[in-house]
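Analysis of the macromolecular model
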Amino acid sequence: MLPAYLPNPIAALFGGGMPVDLGKNFTDGKRVFGDGKTYRGLFIGILAGIGIGLAQIWVSGAYGWENLPQHTYMSITLLATGALLGDLGKSFIKRRLGKERGSKWPIADMYDLVAGALILLLIFDPSWFYANMTLMIFIFILILTPILHRGINIIGYHFRVKEVPW
Ligand code: CTP
Ligand code: MG
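Quick summary incoming for the structure in this document.

Conventions and cut-offs
- Residues numbered from 1 in each chain as written.
- Chains lettered and ligands numbered in written order.
- Predicted model: local features only at pLDDT ≥ 70, side-chain atom pairs only at ≥ 80, totals over all residues.
- Heavy atoms only, no water.
- Helix = DSSP H or I, 4+ residues; strand = E, 2+ residues; numbered from the N terminus.
- Rg over C-alpha atoms; globule rule 2.2 N^0.38 Å.
- Salt bridge = Lys/Arg side-chain N within 4 Å of Asp/Glu carboxyl O.
- Buried < 20%, exposed > 50% of the residue type's maximum accessible area, 1.4 Å probe, protein only.
- Near = heavy atom within 4 Å.
- Polar contact = N/O pair within 3.5 Å; in protein donor to acceptor, adjacent residues only side chain to side chain.
- Areas by Shrake-Rupley, 256 points an atom, 1.4 Å probe, with all protein chains shown as cover.
- Phe/Tyr/Trp six-rings, centres within 6.5 Å; stacked < 30°, edge-to-face > 60°.
- Lys NZ or Arg CZ within 6 Å of the ring centre and 35° of its normal.
- Axes fitted to C-alpha atoms, helices over the stretch in contact; angles between N-to-C directions.
- Parallel < 35°, antiparallel > 145°, perpendicular 65-115°, else oblique.
- Left-handed = near helix turned anticlockwise from the far one by under 90°.
- Contact = heavy atoms within 4.5 Å.
- Nonpolar A, V, L, I, M, F, W, Y, C, P; charged D, E, K, R; others polar.
- Patch = residues over 30% accessible without salt bridge, like charges linked within 9 Å, V, L, I, M, F, W, Y side chains within 5 Å.

Counting its regular elements, the chain contains seven helices and zero strands. Beginning at the N terminus, the succession of helices and strands in the chain can be written as α-α-α-α-α-α-α. For 166 residues, the compact-globule estimate of 2.2 N^0.38 gives 15 Å, and the chain sits close to it at 16 Å. Its C-alpha atoms give the chain principal-axis dimensions of about 50 × 35 × 25 Å.

Shown next, in the form of structure tokens:
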């Protein structure tokens, strides 16, 4: 899951600039995605996710970690891209619900990246998905995600990368 987990913190660190929605409003008069979703965050985040995935592929080849899921160029790209598309989709719905940028939306703010990553895998590489996504791994992801999410966001808040600790 590293290629899915890394893009969000990297986007928070290096994002900024032109928002994905170009500052435009949706038909309801509210922003499409908001200022928290930028092109730079999207691109650098996805590249970082693919980067860590390439490192995983290399390490797994070099040390023969065959008991771990075997990543492919496809699987790491789908995990990284899906994570930030899930984040983008969450912000779209968040704006429709009238929630401000950066406001708390507990469950969705954590699992958006998991949903996005797994849905993209399911659509574009179902054979990899079904070969690697066991029920045990899925439950493990559901438990690990909120712990990592909370931990990383508190660290980001203390280092002034994030304006709020969630
Ligand atoms: N970020 C970015 N581009 C993205 C995703 C995130 O630039 N595609 C950066 C933004 O600076 C954002 C920060 O990472 O403020 C934290 O991301 P997130 O918590 O997902 O955004 P929020 O600001 O909380 O906005 P929203 O309410 O839409 O979730
Ligand atoms: Mg947020």
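There's plenty left to go through after this.
Next up on the list: the pattern of salt bridges. Evaluation of the coordinates by the stated rule reveals eight salt bridges. A salt bridge links Asp87 to Lys37; the shortest N-O distance between them is 2.8 Å. Of this pair, Asp87 sits in helix α4 (residues 73-96) while Lys37 sits in the loop between α2 (7-14) and α3 (39-63), and the two are 50 residues apart along the sequence. The pair Asp87 / Lys37 is uniform in exposure class, with both members buried.

For the rest of this paragraph, the subject is the site of ligand 1. Looking at ligand 1, there are 18 residues lining it, with Lys37, Thr38, Ser91, Arg101 and Gly102 nearest. Note that an oxygen atom of ligand 1 is positioned 3.1 Å from one of the side-chain N or O atoms of Asp87. Protein chains bury 88% of the 570 Å² of accessible surface belonging to ligand 1 in isolation. Within the residue set of the shell around ligand 1, elements represented by two or more residues are α2, α3 and α4.

Turning next to the packing of aromatic side chains. Within this structure, the stated rule accounts for four aromatic pairs. Between Tyr39 and Phe43, the aromatic rings sit 6.4 Å apart at their centres with planes inclined by 25°, giving stacked as the arrangement. Placement of both Tyr39 and Phe43 in helix α3 is noted, with a separation of four residues, approximately one turn of the helix. With relative accessibility at 31%, the residue Tyr39 sits in the partly exposed group. Here a set of aromatic residues connected by ring pairs shows up, and it is made of Phe26, Phe33 and Phe92. In this arrangement the basic side chain of Arg96 is found over the ring face of Phe92, its NZ or CZ atom lying 4.8 Å from the centre.

Our focus in this paragraph is the packing of α3 against α4. Two elements in contact, α3 and α4, have axes separated by 9 Å at closest approach and are oriented at 150°. Comparing their axes, α4 and α3 come out roughly antiparallel. The crossing of α3 and α4 is right-handed. Residues Gly41, Leu42, Gly45, Ile46, Gly49, Ile50, Gly53, Leu54 and Ile57 of α3 form the contact with α4, whose own contacting residues are Tyr73, Ile76, Thr77, Ala80, Thr81 and Leu84. Of the residues contributing to the contact of α3 with α4, the split by class is nine nonpolar, six polar and no charged.

What follows concerns a nonpolar patch on the surface. Side chains of Leu13, Phe14, Met18, Leu22, Tyr39, Phe43, Ile44, Leu148, Ile152, Ile155, Phe159 and Val161 sit close together on the surface and give an oily, nonpolar patch of about 1,100 Å² of accessible area. Contributing elements (two or more residues each) for the nonpolar patch: α2, α3 and α7 (135-158). Along the chain, Phe159 falls in the segment after α7.

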